[in-house]
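# Remarks on the overall topology
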Amino acid sequence: MKKVVAAIVSLAFPFSAAFAQADAGASGQLGILTPRPGAAPRINGAKVFGVRPGNPILWRLPVTGERPMRFAAEGLPEGAVFDAASGILAGAVAAPGTYTVSFTAENAHGRAVRALKLVVGDKIALTPPLGWNSWNCFNHKVTGKDIRDAADAMVASGLADHGWSYINIDDFWQNNPYRFKDDETLQGAERLPDGTINPNKRFPDMKALADYVHSKGLKIGLYSSPGPYTCGMCTGSWGHEWQDAKTYADWGYDLLKYDLCTYNRKRFRNMTDHKGVGTGLEIETLPYRLMGEALKAQKRDIVLSICNYGKANVATWGENVGGQMWRTGGDIKDSFKSMVKNLERQAGFWPFAHPGAWNDPDMLIVGVLGIPSKGVGMTEFHPCALTPNEQYTHISMWAILASPLLIGCDLTKLDDFTLSLLSNDEVIEVNQDELGAQAALVAKGPRAQVWAKPMADGSLAFALFNTAGDATRISIDFDSLGLEGKWLVRDLWRQKDEGIYGVRYSAEVPGHATHLVRLFPKDGARLAPGVSDIRMNAVYVQFEAVRPVDKPGYKAAKGYPCERCGDK
Ligand code: GAL
């Protein structure tokens, strides 16, 4: 397998200057497909944003196009404040309701207008969180400076103009009394005399750090465990849940990743024994219920990101305990095998995803990473091990799965290819769609998988994933998937219409790559009578392997997604 050797370029020159497009050449590997953003303004990102009544709003209008640019907002509800110079929406709205705010962005090349639905209510994270997390690059060495640099790079690289907004500190902002005894920067009181959590020396002022990130219109997250210690053996929240939730709110944090770790570990059982409090599922849900409630009581919206590696069918209760996202499996590793494992695990989870509730197959492994890879140790920077084609699969699939997208690489070392993967607005739109549907695996063959999801505007997104190492022609058979009439097919990576199709659509997909398309309804287009949701086919695909499918009109053979499946 060809290894990607990504050129590490500095951010000194504008990303668009070196943004040349390329299709799969002789190598069979795709180059940059995302068209460079135009000079005229284009408003990107989610079209809906949720905030609780009276809690602070923070929304940076994501706009590409040449600066200087003038911004304006109309239809602001009472309490909301828009800063026309920075394009940041702030303030707080006391009255629950759905408000339509119309934003305008104007420069010498044109004018863009787009509406944002501001939903003041109980739910937050109405679209999957988009951002960055420190773990996959800085690991146990993370410092406050790395976090500031990441926030700077999120803006300077232009990523924030595509809707990326969270900067999340993972493990190692707290002290670490046992595991890294020799690291002086991690030594100090675990908590202050009044029980307040004490950050380590690398994070001397957590509030100032949050203020800095917020000043850029970005949000900031942190990490803890319901156990006495985190996975890296830093201080956890055991016995201090409400106090910690309040501290995070006082500091101004917007997301908490809450990692099970020592909570149930044998070594700590004597401390965390819940006998008499509950059994089975009660025990599994208890720590998240507790923190979920504590976070919700704060005068600030803090997303609860549950990290229990998919234990106890978390997808079925994550939302009920106050979570907005939950990991559905173990840590992603820097390999195609690991990425595909985390992806395939998602096949059964689509019924649990909707606005404010997201399955999380773990963070993105593109760009320059610091997690162990073949022959590379922890925190040694290296380009990710996925080939370019595999990176297209990774981003396409995480987008169509409506997964939270948390970039794992060092944002100060972004190369053009990685930037192009993370800044395709039509791909991001699939992820951030207001309907909040997660794709299901609707057809499967020995060399291909077809995943599909409905979009809020009545269009359908399809991902044609070539699981084989060489090129495969993958087809969507309209009849067997329950599609009637004609549909306009748009290639999302290239942002180009391919044409109008009825009966079947097919594309040649390079080895291990994914072709991402959106089908817009044209003449007579609809779902066949009896097909309630394009994703229902996934259920029959699941049955097919174990028993006959007696659905009227279901034609498994026709739905077979690849030609030449025999010639492996
Ligand atoms: C793991 C978690 C990782 C990372 C790490 C920190 O349990 O899955 O994403 O947070 O802990 O120690």
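Just so it is clear, the model here is predicted, and its values are computed rather than measured.

The rules behind each value
Residues numbered from 1 in each chain as written. Predicted model: local features only at pLDDT ≥ 70, side-chain atom pairs only at ≥ 80, totals over all residues. Heavy atoms only, no water. Domains from an automatic or database assignment. Contact = heavy atoms within 4.5 Å. Buried area = accessible area lost by both parts, 1.4 Å probe. 1 Å grid on protein atoms, 1.4 Å probe; cavity = no way out; pocket = protein on both sides within 12 Å on 5 of 7 lines; lining within 4 Å. Points joined across faces, edges and corners; volume = space filled by probe spheres on them. Helix = DSSP H or I, 4+ residues; strand = E, 2+ residues; numbered from the N terminus. Nonpolar A, V, L, I, M, F, W, Y, C, P; charged D, E, K, R; others polar. Phe/Tyr/Trp six-rings, centres within 6.5 Å; stacked < 30°, edge-to-face > 60°. Buried < 20%, exposed > 50% of the residue type's maximum accessible area, 1.4 Å probe, protein only. Pairing = 2+ DSSP bridges. Arc of directions from axis to C-beta. Polar contact = N/O pair within 3.5 Å; in protein donor to acceptor, adjacent residues only side chain to side chain. Salt bridge = Lys/Arg side-chain N within 4 Å of Asp/Glu carboxyl O.

Our next topic: the domain arrangement of the protein chain. According to the domain assignment, the protein chain consists of domain 1 (4-120), domain 2 (130-431) and domain 3 (440-544). Relative placement of domain 2 and domain 3: their C-alpha centres are 32 Å apart. The interface of domain 2 with domain 3 comprises 25 residues on the first partner and 26 residues on the second. Summing both sides of the interface, domain 2 and domain 3 together bury roughly 2200 Å²; the carbon and sulfur share of this comes to 65%.

A few words now on empty space enclosed by the protein. Summed over the entire model, instances satisfying the criterion amount to 5 cavities of 30 Å³ or more. Estimated volume of the largest cavity: approximately 100 Å³. Going through the elements one at a time, strand E12 (219-224), strand E13 (255-259), strand E14 (303-307) and strand E15 (325-327) are the ones with two or more residues in the lining of the largest cavity. Partitioned by chemical class, the residues of the lining of the largest cavity number 8 nonpolar, 3 polar and 4 charged.

A complete count under the given rule lists 18 aromatic pairs for this structure. With 5.8 Å between their ring centres and 80° between their planes, Trp173 and Trp251 make a pair best called edge-to-face. With Trp173 in the loop between strand E11 (166-168) and helix H3 (206-215) and Trp251 in helix H4 (residues 241-251), the pair connects residues that are 78 residues apart, well separated along the chain. Note on accessibility: Trp173 and Trp251 belong to one class, buried. A centroid spacing of 5.7 Å and a plane angle of 85° characterise the contact between Tyr258 and Tyr288, whose relative ring orientation is edge-to-face. On the criterion of sequence distance, the pair formed by Tyr258 in strand E13 and Tyr288 in helix H6 (residues 280-296) is long-range, its members being 30 residues apart. Here the two residues Tyr258 and Tyr288 agree in accessibility, since each one is buried. Among the aromatic side chains, those forming a connected cluster through ring pairs are Trp173, Tyr248, Trp251 and Tyr253.

Turning our attention to the pairing of strand E25 (residues 487-491). Summarising burial for E25: 5 of the 5 residues are buried, a large majority. Along E25, one buried face is formed by Trp487, Val489 and Asp491 and the opposite face, lined by Leu488 and Arg490, is buried too. Counting the residues that bridge the hairpin from E25 to strand E26 (residues 496-501) gives 4 residues, and of these Gln495 lies at a positive phi of roughly 55°. Bridging between E25 and strand E28 (residues 514-521) involves 5 bridges; their strand directions are antiparallel. From the neighbouring strand, Leu488 faces E28, where its bridge partner is Phe520.

Before going further, it helps to examine unusual backbone geometry. A cis amide bond, omega 0°, links Arg67 with the succeeding residue Pro68. Within the secondary structure layout, Pro68 lies in the loop between strand E4 (63-64) and strand E5 (70-74).

Another aspect to go through is H3. Every buried residue of H3 is accounted for by Met206, Leu209, Ala210, Val213 and His214. The buried residues of H3 all sit within an arc of 135° when viewed along its axis, so they share a single face. For H3, the side-chain oxygen to backbone nitrogen distance between the N-cap and Lys207 is 3.2 Å, and the N-cap itself is Asp205.

Applying the stated criterion across every chain yields a total of 30 salt bridges. Asp301 serves as the salt-bridge partner of Arg52, at 3.9 Å between the closest nitrogen and oxygen. Here Arg52, found in the loop between strand E2 (48-51) and strand E3 (59-60), pairs with Asp301, found in the loop between H6 and E14; they are 249 residues apart in sequence, far enough to count as distant. Summarising the burial analysis for this pair, Arg52 and Asp301 share the class buried. With a shortest N-O distance of 2.8 Å, Asp491 and Arg494 are connected by a salt bridge. The same class applies to Asp491 as to Arg494, namely buried. Counted as one network, the salt bridges with shared partners bring together Arg60, Arg67 and Asp161.

Let us now look at the layout of surface pockets. Taken as a whole, the largest pocket encloses approximately 540 Å³ of empty space. Around the largest pocket, the lining comprises 39 residues; the ones closest to its centre are Phe49, Leu58, Ser165, Tyr166 and Lys219. Looking at the lining of the largest pocket, the elements that each hand over two or more residues are E2, E3, H3 and H4. Element by element, the count of residues in the lining of the largest pocket is highest for E2, at 4 residues.

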